[in-house]
Amino acid sequence: MSLIIDAEVIEHEQVGPDFYRLKLLAPEILKNAVPGQFVHVRVSQSLEPLLRRPISIHNVNREKGQLMLLYQVVGRGTAVLTRAKPGQSLNLLGPLGRGFTLPAESQKVVVVAGGIGVAPLIYLLQELALNSISAAVYLGARSKEYLLAVKEISSLGFTPFLATDDGSEGYHGPVTSMLEKDLAKQPVDIVYSCGPFPMLKSLAKILMNYNIPFEVSLEERMGCGVGACLSCACKIKSAGEAGYVYRHVCVDGPVFSGQEVAWDEA
Amino acid sequence: MKPKLAVNIGGINMKNPVTTASGTFGFGPEYASYIDLNRLGAIVVKGTTLKPRQGNPTPRIVETPAGILNAIGLQNPGVDYFIEKALPYLSNFDLPVIVNISGDTVADYAKLAAKLEQVEGVAGLEVNISCPNVKKGGLQFGSDPESAAEVVRAVKGSTNLPTIVKLSPNVTSIVKVAEKSAEAGADALSLINTLLGMAIDVKRCRPVLGNVMGGLSGPAVRPVAVRAVWQVYKEVELPIIGMGGIVTAEDALEFILAGASAVAVGTANFINPRATMEVLDGIEDYLIQYGYNDIKEIVGAAHRR
């Protein structure tokens, strides 16, 4: 059940070049939330910018009823959002969308994050830690200062393998190449990922070669967040003439099985 | 005493004048966790075609100053799915269901009308001759008064259901299209559909929308829509459902005072799922505050100033 509420801003801080972390009091939304879901945030009381902004739930504090959002400033909406001050409230719709399917305890889990794609994966790692499920975490970004949430990952008991495109930290190259090398050495049962589409596409190619099931969180320009406007279409494989059908990130996702995404059509 | 809110739109009895703009409210369940659907005067569902439609490539939406441009391309699961899956859900509620229909050809509209005539639970049709996002049909019919009339005649010849014609603002004279639609037998008019527009991504040096052009909606279009209602009300004696950028009750009242008997909330649902309810409550408060007993007293009142 999704709700519309005014959530109080508890903390709001800049954590990287264009990145902000926002802590909100929203116990009602937390009650039904699962990793991978998002909230649709009204960034302004005025009609400019008009639309809400979908932001994935980064992590949660169930005892305190708090949820954390990690977001990148990409346009007008997120720029306005950076001005939200503690004590002020923000109107939220949520929790929205379909989240990750949690693995069984015995499964060998890999989590792959690219840039701001780490945002929903921290909540997933939180749940894995809570259920004593171990995971190998691969974190990639264009350079050192864009590697986000490294501390959070460590504090949850996971050791992230780091990769940067410019080699300023960790493995020099795409995070997917680092993973590919490791895949040859050890069996993996399931992979969870979120990141830029080209990264997910190259990950998909690798994992489908190895026949490893995977779940990905996708992004697309969104209007309503509840399945009414049909803006946030993404291509899902289908037997029909076109080879794909459109599904919607807001209600059919944002998490999709990697096998069902029509990667080559996008 | 509470003011009377009930209106009749070309034979459709609505308990209040607030409905939803097609394409902004899905088939109903999308917003059922935020509002009581029973409180809506009517629901106008997502545009329906004879066969399922995939819709346009992404991006399908882009924000503009106080508005949005959309190019969904009438993605919908087809009329048979609507009848089998969506309509039974809506029959659980006490509200007239108005089905928005679109076709590639005049015959498509007639077939859709005939199909929906057979089904229980459809209160009326909204004939979409004004969608700017499809290659065939759509705006093609709505931009020429004679073509519009041809579609209306075909629909009226295939059904006894009340027929509301949804007109486009992308024409030289919306009054002419309204007049021809009325002559052809339309029972009511919806004014207005989106305005054709486009946006360019200056960093990437190309159009933002996958379909290049799209339909502009939201508060930015309201003055254009109010003007259209004003002009058509003066010349055509058909009930009007006014829409275009309604966010608040005050916005809705502009349309009613310009001549709309009912209003539809569209883009505002995306930013505030409770917008329809706030508009409804605000209209009632206005009537009480200014001492009106019946919503009908203020329809077109700005013309009598």
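Residues numbered from 1 in each chain as written. Chains lettered and ligands numbered in written order. Predicted model: local features only at pLDDT ≥ 70, side-chain atom pairs only at ≥ 80, totals over all residues. Heavy atoms only, no water.

A. Summary view of the overall build of chain A. Scanning chain A from N- to C-terminus turns up 6 helices and 15 strands. Rg of the C-alpha trace for chain A: 18 Å, near the compact-globule value of 18 Å for 266 residues, within the 12% margin. Taken across its 266 residues, chain A has 57% of its residues classed as buried. Of all intrachain contacts in chain A linking residues separated by at least 6 positions in sequence, the fraction that spans at least 24 positions is 65%. For chain A, the exposed area adds up to about 11,100 Å²; of that, 50% sits on carbon and sulfur atoms. Distance between charge centroids for chain A: 3 Å, based on 24 positive and 26 negative side chains. (Helix = DSSP H or I, 4+ residues; strand = E, 2+ residues; numbered from the N terminus. Rg over C-alpha atoms; globule rule 2.2 N^0.38 Å. Buried < 20%, exposed > 50% of the residue type's maximum accessible area, 1.4 Å probe, protein only. Contact = heavy atoms within 4.5 Å. Areas by Shrake-Rupley, 256 points an atom, 1.4 Å probe, with all protein chains shown as cover. Lys, Arg positive; Asp, Glu negative; His and termini not counted. Charge placed at Lys NZ, Arg CZ, Asp CG, Glu CD.)

B. Quick peek at the overall build of chain B. Each helix and strand in chain B was counted, giving 9 helices and 16 strands. Relative to the compact-globule value of 19 Å for 305 residues, chain B shows a C-alpha radius of gyration of 18 Å, a close match. Summarising the internal contacts of chain B: among those between residues at least 6 apart in sequence, 72% fall at separations of at least 24. As displayed, chain B offers around 11,600 Å² of accessible surface, 51% of which is attributable to carbon and sulfur atoms.

C. Seen up close, the interface of chain B and chain A. Contact with chain B, which involves 35 residues of that partner, is made by 32 residues of chain A. At the boundary of chain B with chain A, total buried surface from both sides reaches about 2,700 Å², with 60% on carbon and sulfur atoms. Among the residues chain B hides against chain A, the three largest losses belong to Tyr34, Glu63 and Ile271 of chain B. Together they make up 25% of the total. Remark: the boundary between chain B and chain A carries 2 salt bridges. Between arginine 53 of chain A and glutamate 63 of chain B there is a salt bridge, with its nearest N and O atoms 2.8 Å apart. (Buried area = accessible area lost by both parts, 1.4 Å probe. Salt bridge = Lys/Arg side-chain N within 4 Å of Asp/Glu carboxyl O.)

D. Quick look at the sheet that holds strand E4 (residues 53-61) of chain A. All names here are of chain A. Ordered in space as E1-E2-E5-E4-E3-E6, the 6 strands form a closed barrel in which the pairing is antiparallel. In this sheet, neighbouring strand axes are inclined to one another by 45° on average, regardless of whether the strands run parallel or antiparallel. Running at roughly 30° to E4, helix H3 (residues 118-130) makes contact with E4 and strand E5 (66-72) of the sheet. (Pairing = 2+ DSSP bridges. Axes fitted to C-alpha atoms, helices over the stretch in contact; angles between N-to-C directions.)

E. Inspection of the pattern of salt bridges at higher detail. Counted under the stated rule, the structure contains 18 salt bridges over all chains. The residue arginine 21 of chain A makes a salt bridge to glutamate 152 of chain A at a minimum N-O spacing of 2.1 Å. In this pair, arginine 21 of chain A is assigned in strand E2 (residues 19-25) and glutamate 152 of chain A in helix H4 (residues 150-155), connecting sequence segments 131 residues apart. Accessibility assignment for this pair places arginine 21 of chain A and glutamate 152 of chain A in one class, buried. Its salt-bridge partner being arginine 39 of chain B, residue aspartate 281 of chain B comes within 2.6 Å of it at the nearest N-O pair. Note that aspartate 281 of chain B is positioned in helix H9 (residues 275-289) and arginine 39 of chain B in the loop between strand E3 (18-20) and strand E4 (43-44), a separation of 242 residues in sequence.

F. Summary view of the pairing of strand E6 (residues 89-96) of chain A. Residue and element names in this part refer to chain A. Counting buried positions over the 8 residues of E6 gives 7, a clear majority of the element. Direction of pairing for strand E1 (residues 3-14) relative to E6: antiparallel, over a ladder of 6 bridges. Following the sheet pairing, isoleucine 4 is matched in E6 by leucine 93. The pairing of strand E3 (residues 38-42) with E6 spans 4 bridges and is antiparallel. Bridge pairing in E6 links phenylalanine 38 to leucine 96.

G. Region of the structure containing the pairing of strand E12 (residues 214-217) of chain A. Residues and elements named next belong to chain A. Going residue by residue along E12, you find Phe214 and Val216 tucked away on one face and Glu215 and Ser217 tucked away on the opposite face as well. With 4 bridges joining them, strand E11 (residues 190-194) and E12 adopt parallel strand pairing. For tyrosine 192, the partnering residue across the bridge sits in E12 and is glutamate 215. Handedness of the β-α-β unit built from E11, helix H6 (residues 197-210) and E12 comes out right-handed. Pairing between E12 and strand E15 (residues 255-257): 3 bridges, direction antiparallel. Within the sheet, the bridge partner assigned to serine 217 lies in E15 and is valine 255. (Right-handed = clockwise from strand over helix to strand, strands pointing away.)

H. Local environment of helix H5 (residues 174-183) of chain B. Residue and element names in this part refer to chain B. For H5, the full list of buried residues reads Ile174, Val175, Val177, Ala178 and Ser181. The arc enclosing the buried residues of H5, seen along the axis, measures out at 165°, which places them on a common side. For H5, the exposed residues set more than 90 degrees away from the buried face come down to Lys176 and Glu183. Buried residues along H5 sit in contact with helix H3 (139-142), helix H4 (145-156), strand E9 (163-167), strand E10 (188-191) and helix H6 (222-235). Two residues or fewer past H5, glycine 185 is found with a positive phi of approximately 115°. (Arc of directions from axis to C-beta.)

I. Structural view of the environment of serine 46 of chain A. Residues and elements named next belong to chain A. Residue placement: serine 46 occurs in the loop between E3 and E4. Overall, the relative accessible area of 35% leaves serine 46 in the partly exposed class. When the C-alpha atoms of serine 46 and valine 109 are compared, they prove to be 44 Å apart, with 63 residues separating the residues in sequence. A polar atom in the side chain of serine 46 sits 2.9 Å from the side chain of serine 44. Within polar-contact distance, the side chain of serine 46 engages the backbone oxygen of glutamate 48 at 3.0 Å. (Polar contact = N/O pair within 3.5 Å; in protein donor to acceptor, adjacent residues only side chain to side chain.)

J. A look at H9 of chain B. Residue and element names in this part refer to chain B. With 15 residues, H9 should reach 21 Å at 1.5 Å per residue; the first-to-last C-alpha distance of 21 Å fits that figure. Along H9, the residues classified as buried are Ala275, Thr276, Met277, Val279, Leu280, Gly282, Ile283, Glu284, Tyr286 and Leu287. For H9, the elements touching its buried residues are E3, helix H7 (249-258), strand E16 (262-265) and helix H8 (268-271). Glycine 291, located one to two residues past H9, shows a positive phi value of around 75°. (Expected span 1.5 Å × (residues − 1).)

K. Structural detail: the side chain of asparagine 91 of chain A. Residues and elements named next belong to chain A. Examined against the element boundaries, asparagine 91 turns out to sit in strand E6. Polar contacts involving the side chain of asparagine 91 include one to the main-chain carbonyl oxygen of isoleucine 5, which spans 3.4 Å. In this structure the side chain of asparagine 91 is engaged in a polar contact, spanning 2.5 Å, whose partner is the side chain of arginine 52. With residues near it in sequence (within four places) discarded, asparagine 91 still touches Ile4, Ile5, Asp6, His40, Val41, Arg42 and Arg52.

L. Representation of the packing of H4 of chain B against H5 of chain B in the model. All names here are of chain B. At a minimum axis distance of 8 Å, the contact between H4 and H5 shows a crossing angle of 30°. Between H4 and H5, the angle falls in the class roughly parallel. Like other packed secondary-structure pairs, H4 and H5 cross with a definite hand, here right-handed. For the pair H4 and H5, contact is made by Pro145, Glu146, Ala148, Ala149 and Val152 and by Lys176, Val177, Lys180 and Ser181, respectively. (Parallel < 35°, antiparallel > 145°, perpendicular 65-115°, else oblique. Left-handed = near helix turned anticlockwise from the far one by under 90°.)

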